[in-house]
Amino acid sequence: MANRIIIGAQWGDEGKAKIVDYLTEHSDIVVRFQGGANAGHTVIVKGTKFIFHLIPAGIMHPGKECVIGNGVVLDPAQFLKELKEISDKGLDYAGRVFLSDRATIVMPYHIALDQLREKMRGNSKIGTTGRGIGPAYMDKVGRWGIRVGDLLSVHALSEKVTMNLEEKNALITKVFGEKPFNAEKLIADYLAFGEQLKPYITDTSVFLAKAAQNGKNLLFEGAQGTMLDVDHGTYPFVTSSNTIAGSACCGSGIGPTHIHSVIGITKAYTTRVGNGPFPTELTDEMGERIRNVGGEYGATTGRPRRCGWFDAVQMKKAHQLNGFTSLAITKLDVLDSFPKMRICTSYTLNGETIDTFPGNIDECAAVTPVYEEMDGWNCSTSAAREFSDLPEKAQRYLERLSQLVGVPMSLVSVGPERDQTIVNSDF
Ligand code: IMP
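Residues numbered from 1 in each chain as written. Predicted model: local features only at pLDDT ≥ 70, side-chain atom pairs only at ≥ 80, totals over all residues. Heavy atoms only, no water.

Points about the UniProt feature "active site" (unreviewed entry) in the chain
The cut-off we apply is this: UniProt positions are given in the numbering used here, feature names are shortened, and annotations may be inferred rather than shown by experiment. Helical segments are the DSSP runs of H or I of at least four residues, strand segments are the runs of E of at least two, and each set is numbered from the N terminus. Any pair of residues with heavy atoms lying within 4.5 Å of one another is described as a contacting pair. Burial classification: accessible surface area is computed with a 1.4 Å probe over protein chains only, and a residue below 20% of its type maximum counts as buried, one above 50% as exposed, and the rest as partly exposed.
In this numbering, the UniProt entry assigns the feature "active site" (unreviewed entry) to Asp 13, His 41 and Lys 140. Their sequence span is 128 residues, while the largest C-alpha to C-alpha distance among them is 25.5 Å; these annotated residues do not converge on one region. Within the fold, Asp 13 resides in the loop between strand 1 (4-8) and helix 1 (16-24). Excluding anything up to four places from it in sequence, Asp 13 contacts Lys 267, Thr 271, Val 273 and Arg 305. The topology assignment puts Lys 140 in helix 4 (residues 133-141). Given the relative accessible area of 34%, Lys 140 is considered partly exposed. When sequence neighbours within four positions are dropped, the list of residues in contact with Lys 140 reads Asn 70, Gly 71, Thr 104 and Gly 145.

A closer look at the nonpolar core
Keep this limit in mind: Nonpolar cores were defined as sets of buried Ala, Val, Leu, Ile, Met, Phe, Trp, Tyr and Cys residues, with membership established by side-chain atoms within 4.5 Å.
Judged by nonpolar contacts, the single largest core of 54 residues is most densely connected at Phe 52, Leu 74, Phe 79 and Leu 99. Considering each element in turn, this core owes the most residues, five residues, to helix 6 (residues 183-197). The contacts of Phe 79, once residues within four sequence positions are left out, are Leu 54, Ile 55, Ile 68, Leu 74, Val 97, Leu 99, Leu 197 and Tyr 200. Grouped together as the second largest cluster of nonpolar side chains are 53 residues, Leu 208, Cys 307, Ala 312 and Leu 404 included.

Let's talk about helix 4
Turning to helix 4, its buried residues are Ile 133, Gly 134, Pro 135, Ala 136, Tyr 137 and Asp 139. In the core, the buried residues of helix 4 are packed alongside strand 6 (73-74), strand 8 (104-105), helix 3 (108-120) and helix 5 (154-175). Looking one or two places after helix 4, you find Arg 143, whose phi comes out positive at around 65 degrees.

Section: the pattern of salt bridges
Here is the rule: Counted as salt bridges are all cases of a side-chain nitrogen of Lys or Arg within 4 Å of a carboxyl oxygen of Asp or Glu.
Counted by the stated rule, this structure contains 23 salt bridges. The shortest N-O distance in the salt bridge between Lys 267 and Glu 296 comes to 2.9 Å. Taken together, the positions of Lys 267 in strand 11 (residues 261-267) and Glu 296 in the loop between helix 9 (285-294) and strand 13 (306-308) put the pair 29 residues apart, joining distant regions of the chain. In this pair, the class of Lys 267 matches that of Glu 296, namely buried. A salt bridge links Lys 331 to Glu 296, with the shortest nitrogen-to-oxygen separation between them at 3.0 Å. Note that Lys 331 is positioned in the loop between strand 15 (326-330) and strand 16 (340-349) and Glu 296 in the loop between helix 9 and strand 13, a separation of 35 residues in sequence.

A word on the sheet that holds strand 9 (residues 201-202)
Put simply, the rule is: Paired strands, as defined in this entry, are two strands with at least two bridges between them according to DSSP.
The 10 strands lie next to each other as 9-7-5-2-10-1-11-15-19-20, forming an open sheet whose pairing is mixed. One side of each edge strand has no neighbouring strand; the edge strands of this open sheet are strand 9 and strand 20 (421-423). Bridging between strand 2 (residues 29-32) and strand 10 (residues 218-221) involves four bridges; their strand directions are parallel. Each bridged residue has a counterpart across the sheet, and for Arg 32 the counterpart in strand 10 is Glu 221.

Side note on the packing of aromatic side chains
We apply this condition: By convention, a stacked pair of Phe, Tyr or Trp rings (six-membered ring in the case of Trp) has centres within 6.5 Å and planes under 30 degrees apart, an edge-to-face pair has planes over 60 apart, and any other such pair is tilted. Counting as a charge over the ring demands two things of the Lys NZ or Arg CZ atom: a distance within 6 Å of the ring centre and an angle within 35 degrees of the ring normal.
If you walk through the whole model with that rule in mind, you get 11 aromatic pairs. On the numbers, 6.3 Å between centres and 75 degrees between planes, the contact of Tyr 109 with Phe 181 is edge-to-face. A residue pair is termed long-range when its members are at least 10 positions apart, and Tyr 109 in helix 3 and Phe 181 in the loop between helix 5 and helix 6 qualify at 72 residues. Judged by relative accessible area, which is 1%, Tyr 109 ranks as buried. Through a chain of ring-to-ring contacts, three or more aromatic side chains come together here, namely Trp 11, Phe 278, Tyr 347 and Phe 357. The ring of Phe 50 has Lys 89 sitting right over it, with the charged end atom 4.8 Å from the ring centre. We note Arg 289 situated over the ring of Phe 338; from NZ or CZ to the ring centre the distance is 4.4 Å.

Below, the structure is given as structure tokens:
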């Protein structure tokens, strides 16, 4: 039995879905445990592109089961849309999707408030995906939340929608000057969603505990990335959930002793979408080149991603927070044509050298990266299937990243297709 957690080690978009897709072959159940439709997980199989926002990417594998845990904030319309897209593409998901009765519902007023609050922030916008994630988590923690199980009860849903709208409508009309939501319509719409979601709803924490007892292999699929963690990331420029490995237990209801390994996914360089500090960001033509070669545009919003060099200081912080047992390094092929590569090994701050990621947001924004330079390999890596197939300079580059972070490599991805993956034989 091997229960694994997959975590984005940077600011999200590290190529987790491809690695999850790959590891699903060796798993029985894939579990989402935090975030919502802000995530965009892209998998390419035989040239066909699949983008998942809520359903675990493991659904692509016949016979594998997928769980959306209690820690997720769920937009029912998006969930049903994805199920339809999956069946339109000829995949059969019957009996394989399980939705926690305790997951929090993203309501239309959350989406409205997310967008209105962003507008109100003016120049200090977070750059959210506008999917209602922050306001939905605010209600969960504030104990105003509507949960998946509530959609099955006329009484519970009516009471909660009415109570919520008393506050939300006052805010939306009086503070933001927008139109109020109609309680009766929302109650009717969300009861109808409840009927459609009913076949999938269960106590997923009990389901997972039984699966673990029966020796099933569980794969926990993190969304976003470590530096977007609401506690440990570049606050306030973060998402509203805990994105680090510890969250897999809270967000699925499984005990930490069931977990055997934590795989950190990192690109061979760094990207970020949305606002906030990014020490190794390249705002010159080099950054533009990484963006173009790497196709660095958001899967959820289409926004261009900010691009920069690999940051070993940030990655060491990610290892400290997640306790990685191995690293999966993605998009190595994007660097194939670069004559020189840079790796950030420390920062300078106020004239001093530091090798830790600052907790203070102003200090994060003020650091200057210190780089070491390595030669590029100037040839295609996309056909490599063994580590030894890689040009020696690419091998040295990967080994240096792993050495600086202090974590061994288990996987290297050299292209978007499933088979463009190098697996360390010790893994
Ligand atoms: P929110 O999660 O929509 O509230 O957005 C908060 C921050 O997290 C913004 O900077 C988003 O761009 C970022 N973010 C949210 N989801 C993802 C993701 O899946 N990948 C990368 N960044 C994300």
